[in-house]
Amino acid sequence: MLSAQSILASGRAYLIYGTAWKEDQTARLVSEAIKTGFRFIDTACQPKHYQEHLVGEGWTKAAAELGLKREDISLQTKFTGLSGQDPGQTPYDRTAPLKEQVEQSLAKSLENLQTDYLDSLVLHSPMSSFHDTMNVWRTFESFVDDGKVRQLGISNCYDYKMFTKLYDQARIKPSVLQNRFYDQSGFDVELRQFCRKKDIRYQSFWTLTANRKALASPNIKALASEMKMSPETLMYVFMLSQGHTPLDGTTDPEHMAEDVAVMKRIIDGEDIFKDPLLNVVFADEIGVPREYSAPWDTD
């Protein structure tokens, strides 16, 4: 049975189960995802879009039924600043200093997720000033020092200069960059190259939603059919072949099973996109520059 530790030890790309907008179905879906084979779960301490406490219910229920240990599952959550919170259900004191807000958010996440540590803590988006962003980051670093968090990251950060400045000034470097994968940002070409160079995990979200038109093209449909996959799963394969980590938020049990099956094939070492022509065809349809679409060596 796969565990988060064994997947990481393989050095290969994997999928993360995303829990945004699952509302009261969150616990059931997280449990189903883990039973299907997902071992990495992404959420946020942001009641506006996530039900973090139900993520806690879902993973613990599935783990108990499957006999999994805490270390078999990887839990990633986010600190969301005031601008991203619903004023009526902010999970920390809105009047507290920023450092205390971050500390209160972490405490709430640990309670919600029924754990005493997080595998990954992500800043949901840069703060309104770089000074505040670094203040949050310094507080994050103290969590790593205290053993409450294993690694750090940032999301919704599309400014190359800002991200590299954060990297340069951070004592504990970001291990994760989580962004939308879409043409409006130029598919983060420069940022993804930097992540590859610095061994930072590039996590993509809206991977399917932002590329629905391309995935509906006759060429991709034909290619997916030839490979006995759905266009959506083929998109995940393309991202995994780049060494990236897509968030997969499907609510369909059949899609869960299909996605986990292809993830296992890649973790086992199969090079599904070994034909360079496949990358060229797929990259052209999506709009990713060819020179940045060759498979990455993840050994």
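About the thresholds
Residues numbered from 1 in each chain as written. Predicted model: local features only at pLDDT ≥ 70, side-chain atom pairs only at ≥ 80, totals over all residues. Heavy atoms only, no water. 1 Å grid on protein atoms, 1.4 Å probe; cavity = no way out; pocket = protein on both sides within 12 Å on 5 of 7 lines; lining within 4 Å. Points joined across faces, edges and corners; volume = space filled by probe spheres on them. Helix = DSSP H or I, 4+ residues; strand = E, 2+ residues; numbered from the N terminus. Nonpolar A, V, L, I, M, F, W, Y, C, P; charged D, E, K, R; others polar. Phe/Tyr/Trp six-rings, centres within 6.5 Å; stacked < 30°, edge-to-face > 60°. Buried < 20%, exposed > 50% of the residue type's maximum accessible area, 1.4 Å probe, protein only. Salt bridge = Lys/Arg side-chain N within 4 Å of Asp/Glu carboxyl O. Axes fitted to C-alpha atoms, helices over the stretch in contact; angles between N-to-C directions. Parallel < 35°, antiparallel > 145°, perpendicular 65-115°, else oblique. Left-handed = near helix turned anticlockwise from the far one by under 90°. Contact = heavy atoms within 4.5 Å. Expected span 1.5 Å × (residues − 1).

**Overview of the layout of surface pockets**
Then comes step 1: Here the largest pocket is characterised by a volume of approximately 820 Å³.
Then comes step 2: If you go around the largest pocket, you meet 41 residues; those closest to its centre are Ala20, Trp21, Tyr50, Phe205 and Trp206.
Then comes step 3: When contributions to the lining of the largest pocket are tallied by element, the ones reaching two or more residues are strand 6 (176-180), helix 10 (231-241), strand 8 (245-248) and helix 11 (253-267).
Then comes step 4: Element by element, the count of residues in the lining of the largest pocket is highest for helix 10, at three residues.
Then comes step 5: Classifying every residue of the lining of the largest pocket by side-chain character gives 11 nonpolar, 21 polar and nine charged.

**Concerning the packing of aromatic side chains**
Then comes step 1: As enumerated under the stated definition, the model contains 13 aromatic pairs in all.
Then comes step 2: Ring geometry for Tyr160 versus Phe194: centroids 6.0 Å apart, planes at 85 degrees, classification edge-to-face. Residue Tyr160 is located in helix 6 (residues 160-169), and its partner Phe194 is located in helix 7 (residues 189-198); the two are separated by 34 residues in the primary sequence.
Then comes step 3: Residue class for Tyr160 comes out partly exposed when judged on its relative accessible area of 28%.
Then comes step 4: Residue class for Phe194 comes out buried when judged on its relative accessible area of 10%.
Then comes step 5: Ring centres of Phe273 and Phe282 lie 6.1 Å apart, and the angle between their planes is 75 degrees; this geometry places the pair in the edge-to-face category.

**Quick word on the pattern of salt bridges**
Then comes step 1: All chains considered together, the criterion is met by 11 salt bridges.
Then comes step 2: The closest approach of N and O atoms between Asp119 and Arg70, which form a salt bridge, is 2.9 Å. Here Asp119, found in the loop between helix 4 (98-113) and strand 4 (120-123), pairs with Arg70, found in the loop between helix 3 (52-66) and strand 3 (74-79); they are 49 residues apart in sequence, far enough to count as distant. Comparing Asp119 with Arg70, the two get one shared label, buried.
Then comes step 3: Residues participating in the shared-partner salt-bridge network are Lys35, Lys61 and Glu65.

**Some thoughts on the packing of helix 5 (residues 130-145) against helix 6**
Then comes step 1: Axis separation between helix 5 and helix 6 bottoms out at 11 Å; the angle between their running directions is 45 degrees. As far as their axial angle goes, helix 6 and helix 5 are oblique. Handedness of the crossing formed by helix 5 with helix 6: right-handed. Contact with helix 5, carried on its side by Phe130, Thr133, Met134, Trp137 and Arg138, involves Met162, Lys165, Leu166 and Gln169 of helix 6 and no other residues of that element.
Then comes step 2: Here the contact of helix 5 with helix 6 is built from residues that sort into five nonpolar, two polar and two charged.

**Re the packing of helix 4 against helix 5**
Two packed helices can be described by the angle between their axes and the distance between those axes.
Then comes step 1: Interhelical geometry of helix 4 versus helix 5 gives an angle of 45 degrees and a closest axis separation of 9 Å. Taken together, the axes of helix 4 and helix 5 are oblique relative to one another. For helix 4 against helix 5, the interelement crossing comes out right-handed. Two secondary-structure elements touch here, helix 4 through Leu98, Lys99, Val102, Glu103 and Leu106 and helix 5 through Asp132, Asn135, Val136, Thr139, Phe140 and Phe143.
Then comes step 2: Along the lines of polarity and charge, the residues of the contact of helix 4 with helix 5 split into six nonpolar, two polar and three charged.

**Considerations on helix 3**
Then comes step 1: For helix 3, built from 15 residues, the straight-helix expectation of 21 Å at 1.5 Å per residue is met to within 8% by its first-to-last C-alpha distance of 21 Å.
Then comes step 2: Glu52, Leu54, Val55, Gly56, Gly58, Trp59, Ala62 and Ala63 are the residues of helix 3 that are buried.
Then comes step 3: Packed against the buried residues of helix 3 are helix 2 (26-36), strand 2 (40-42), strand 3 and helix 4.
Then comes step 4: Two residues or fewer after helix 3 comes Gly67, characterised by a positive phi angle close to 75 degrees.

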